[in-house]
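# Observations on the three-dimensional arrangement
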Amino acid sequence: MPVKTLFYRNHTLYVLDQLQLPQRKKYIACRDWQQVAQVIKKMNIRGAPAIGLAAAFGIALAAETQEARDKRRFLDQIRKAAGELKATRPTATNLIWALRQMLDHLAKIKDQDINSIKVLLEKKAQQIWHEDVLINKKLAVHGEKLIHRKDRILTHCNTGALATAGYGTALGVVREAHKRGKQVSVLVDETRPYLQGARLTAWELKEENIPFHLISDNMAGHFISRGEVDCIITGADCVTANGDTANKIGTYILAVLAKENKIPFYIAAPLSTIDTHIKTGSDITIEERPADEITMIAGIRIAPEGIKVKNPAFDITPHKYITAIITEKGIVKKPYLKNLKKLK
Ligand code: MRU
C-alpha cells in the first residue's frame, strides 16, 4: 500500500514531512493556509501534483479559518491566499492548475452563505485529491505498455506516491509494470542537490520491493553508454504547447544522453502539468532555490562560506529529445504542438 503523502481531516491538512524521510515518518499538521504555504516553500511536501493538492487544501483552510462575516472581505481573503500560495513554487504548473480549479469553483458558489462556501471548498479540494490517484493509475496503465519485460529503467528525482496523492507518475509506470509481472529494475539518480532520488525514490522502491540500484547523477552517462539502460522515464513540472518540458535539474542531460545512445526518453505527466498557453520552454519561469541546498548536506557545510552559488531547481528538455509523453488520456507522440492541443 503506497504511502499517504497528504490528507485532510477535521479542518487540518496533514503533510508527510519529506525533509525527515527516510529516517522518520512524521506528519506536519497545517491548520491555516499560511502553514500550507510554508511547507510547500520549504519543500516538506514537493512534487508538482502534491504541491497542487496541498494548495487546494490551503484554499479550503483560507475559507475555514476566517472569522469575517462580511462576504466581500471573506472572498477577497481567499483570493489573496491563492495569490500567495501560487508564488511558493513558480515552476509547478499543477499548483496553478489546482488553484484555478478552486477559484473557478469559488466563482460558481460565491453567492451562497459563508458556511456553505467553506463546506463546498473543502469538498472540492477532497475531490481533486481523490481524482489525482485515479489519474495516476490511468496514466500508469498507458505507460506500462511502453515497458518491456526485464527493462532496466533510469529515473530522476521522485515521481512516486510521495510526489502525488498516491501511486505516482513516472514511478507509477514502473509500479504498474512490476505489478503486472514484468521483471523491471530501476537505476535511481540520487538527484542533487535535494536528493529526492536517494532519500525518497529509493525509500519508495524499497518499501514496494521493486529491484533498484541507487547511483549518483554523474554515473548516468556511464551506464547508458554501456547499454545498461533500456529507457529513461521522468516526471514533469511543466509541459508547454510544443512539448518542451521543465523537470528537476539534471533531466536535460539525461534526455541528450538518451538520444546519443538511441534509447527512448519518456515524460510521464498528468494533463494538469500541461499548459498549452505557454508556448515553449523559454517561456517557463525557473525557480531559483536557496544557496544552502548546494553548500550544505544534512546540515553540514561542504563548501566554503561566503561563496556565490547558482541553484536552479529545474531545467528545460526541448521536445525534440522526448520520445513520448505519457498522460492519463494516453501516449502522446510528435508533433506535440498538434497532439497535445487535441488532448486538452
Ligand atoms: O523540486 P521538486 O522535488 O518538487 O521537483 C519534483 C520534480 O521535478 C518531479 O519530477 C515533478 O514534480 C513530477 S512529480 C510527479
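What comes next concerns the included structure. (Residues numbered from 1 in each chain as written. Predicted model: local features only at pLDDT ≥ 70, side-chain atom pairs only at ≥ 80, totals over all residues. Heavy atoms only, no water.)

## Comments concerning the nonpolar core
Counting 46 residues, the largest nonpolar core has L6, L13 and L121 as its most contacted members. Elements supplying a minimum of two residues to this core: strand 1 (6-9), strand 2 (12-16), helix 1 (33-41), helix 2 (48-64), helix 3 (71-86), helix 4 (93-109) and helix 5 (114-144). Sorting elements by how many residues they give to this core places helix 2 first, with 13 residues. Beyond its immediate stretch of four places on either side in the chain, L13 contacts L6, F7, Y8, I28, A29, C30, V36, A54, F57 and L61. By size, the runner-up hydrophobic cluster in this structure holds 26 residues, among which are L187, A220, I274 and Y321. (Core = buried A, V, L, I, M, F, W, Y, C linked by side-chain atoms within 4.5 Å. Buried < 20%, exposed > 50% of the residue type's maximum accessible area, 1.4 Å probe, protein only. Helix = DSSP H or I, 4+ residues; strand = E, 2+ residues; numbered from the N terminus. Contact = heavy atoms within 4.5 Å.)

## A short note on the side chain of T155
Looking at the secondary structure, you find T155 in strand 4 (residues 152-155). Within polar-contact distance, the side chain of T155 engages the backbone oxygen of I233 at 2.8 Å. Not counting residues up to four positions away in its chain, the partners in contact with T155 are A170, L171, V186, L187, V188, D189, T201, I233 and T234. (Polar contact = N/O pair within 3.5 Å; in protein donor to acceptor, adjacent residues only side chain to side chain.)

## Observations concerning the layout of surface pockets
Of the volumes computed, that of the largest pocket is approximately 440 Å³. Lining of the largest pocket is provided by 17 residues; of these, L19, Y194, I297, A298 and G299 occupy positions nearest its centre. Secondary-structure elements contributing two or more residues to the lining of the largest pocket are helix 10 (292-295) and strand 12 (296-297). The residue makeup of the lining of the largest pocket, split by class, is 10 nonpolar, 2 polar and 5 charged. Looking at which domains feed residues into the lining of the largest pocket, each of domain 1 (6-137) and domain 2 (146-343) gives three or more. (1 Å grid on protein atoms, 1.4 Å probe; cavity = no way out; pocket = protein on both sides within 12 Å on 5 of 7 lines; lining within 4 Å. Points joined across faces, edges and corners; volume = space filled by probe spheres on them. Nonpolar A, V, L, I, M, F, W, Y, C, P; charged D, E, K, R; others polar. Domains from an automatic or database assignment.)

## So, the pairing of strand 2
Strand 2 sits mainly inside the fold: 4 of its 5 residues count as buried. Here strand 1 runs beside strand 2; their pairing, made up of 4 bridges, is antiparallel. In the sheet register, L6 faces strand 2, and the bridge partner there is V15. Hairpin connection from strand 1 to strand 2: 2 residues lie between these consecutive antiparallel strands, with N10 at a positive phi of about 45°. (Pairing = 2+ DSSP bridges.)

## A word on the packing of aromatic side chains
For the structure shown, the criterion picks out 4 aromatic pairs. When the centroid spacing of 6.2 Å and the interplanar angle of 65° are considered together, the rings of Y252 and Y321 count as edge-to-face. A residue pair is termed long-range when its members are at least 10 positions apart, and Y252 in helix 9 (residues 251-260) and Y321 in the loop between strand 14 (314-317) and strand 15 (324-327) qualify at 69 residues. Cluster of aromatic residues (ring-pair linked, three or more members): F7, Y14 and Y27. The ring of Y167 has R175 sitting right over it, with the charged end atom 5.4 Å from the ring centre. Across the ring face of F314, the terminal group of K248 is positioned such that the distance to the ring centre comes to 4.4 Å. (Phe/Tyr/Trp six-rings, centres within 6.5 Å; stacked < 30°, edge-to-face > 60°. Lys NZ or Arg CZ within 6 Å of the ring centre and 35° of its normal.)

Structural measurements only, silent on function.
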